[in-house]
Amino acid sequence: MRSSERSSERGPERSPALGAVRSSAVAVLCGLAVGGLAVAGCGIQASTVPVDVGAAPSRVSCDTPAKPSAGTSTVQGIRATVELVCGSQLVGVERVVPMPEKKSSRDAVVLVSQALLEALQRDPSPEERDAGFTTGVPAGLTTADPRPGDPAGTVRLSRKPEDLPLGALSQIVCTLSESEVVSAGQGPVVLGGPDSDPPRAWSCSAAVRSRPEAVPTLGDVVLPTPKAGAS
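Residues numbered from 1 in each chain as written. Predicted model: local features only at pLDDT ≥ 70, side-chain atom pairs only at ≥ 80, totals over all residues. Heavy atoms only, no water.

A. Molecular detail of the sheet that holds strand β7 (residues 220-221). Strand order in this open sheet of five strands is β3-β4-β5-β6-β7, and the pairing throughout is mixed. Because the sheet does not close on itself, it has two edges, and the strands there are β3 (143-144) and β7. Bridging between β3 and strand β4 (residues 155-157) involves two bridges; their strand directions are antiparallel. The residue bridging Ala144 from the neighbouring strand is Arg156, located in β4. (Pairing = 2+ DSSP bridges. Helix = DSSP H or I, 4+ residues; strand = E, 2+ residues; numbered from the N terminus.)

Following this line, the structure appears as structure tokens:
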């Protein structure tokens, strides 16, 4: 048999250059499989198991605005730290809080508490909103004089404290605890409702500041002040 006939029986010979090109193409396809494409022949099987890539990064800065300057502010009031919600936690913002126009009480604790309450009810400024600050204290909430026998420094609210949203209660407790008039040395805040139930004490702890929803619904019962001359 002639050599030309034997060559035709074996089929056409493959070019070494063509084999190299095919190997390079397979390598490129298998490389794509690493990016998430399943390619047959690469030994990689498609997976339907979800991959946890973590939570999306927060876009909230919580940068507190610049402190108000006494020389440039046109608001007449008291300097106070108002606790707002930002990034699911409480962050204090310094403000000049105006005193209430309608002075329904002569009690300094009641007046200052009402001023702070109104500050919490106001919408955050555009600068504060851009930084991620919000408030959950409901509008219409007011303060009143303590009832006879209430401990000194008691703040009576127009709604029962335990009926307020937990986030709002945390804002009120931590804001009032920052006031030297309402709470001495950032001590507990004594709050009561409009009824005759005894007032209760709440503290602004680190846990409450980091997780406002963790504030106890009911504070500690505060015993009434004994009447003068009682044994």
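B. Molecular detail of the state of the cysteines. Inspection of the entire model under this criterion finds two disulfides. Shown here is the disulfide that connects Cys174 with Cys204, its sulfur atoms set 2.0 Å apart. Its S-S torsion of approximately 95 degrees makes the covalent link between Cys174 and Cys204 right-handed. Taken together, the positions of Cys174 in helix α5 (residues 166-177) and Cys204 in the loop between β6 (200-202) and α6 (206-210) put the pair 30 residues apart, joining distant regions of the chain. (Disulfide = S-S within 2.5 Å.)

C. Quick look at the side chain of Ser177. Secondary-structure assignment places Ser177 in helix α5. Engagement of the side chain of Ser177 in a polar contact is seen with the backbone oxygen of Cys174, the distance being 2.8 Å. (Polar contact = N/O pair within 3.5 Å; in protein donor to acceptor, adjacent residues only side chain to side chain.)

D. Seen up close, the pairing of strand β1 (residues 77-86). Across 10 bridges, β1 lies against strand β2 (residues 89-98) in antiparallel orientation. Residue pairing for β2: Thr81 is matched across the bridge by Glu94.

E. Quick peek at the pattern of salt bridges. A full pass over the atoms with the stated rule returns five salt bridges. The partner of Asp150 in a salt bridge is Arg156, with the nearest N and O atoms 2.9 Å apart. We note that Asp150, like Arg156, is buried. As a salt-bridge pair, Asp195 and Lys160 come within 3.2 Å of each other at their nearest N and O atoms. One end of the pair, Asp195, is in the loop between β5 (189-192) and β6; the other, Lys160, is in the loop between β4 and α5, with 35 residues separating them in the sequence. Here the salt bridges do not stand alone but share partners, grouping Lys160, Asp195 and Asp197 into one network. (Salt bridge = Lys/Arg side-chain N within 4 Å of Asp/Glu carboxyl O. Buried < 20%, exposed > 50% of the residue type's maximum accessible area, 1.4 Å probe, protein only.)

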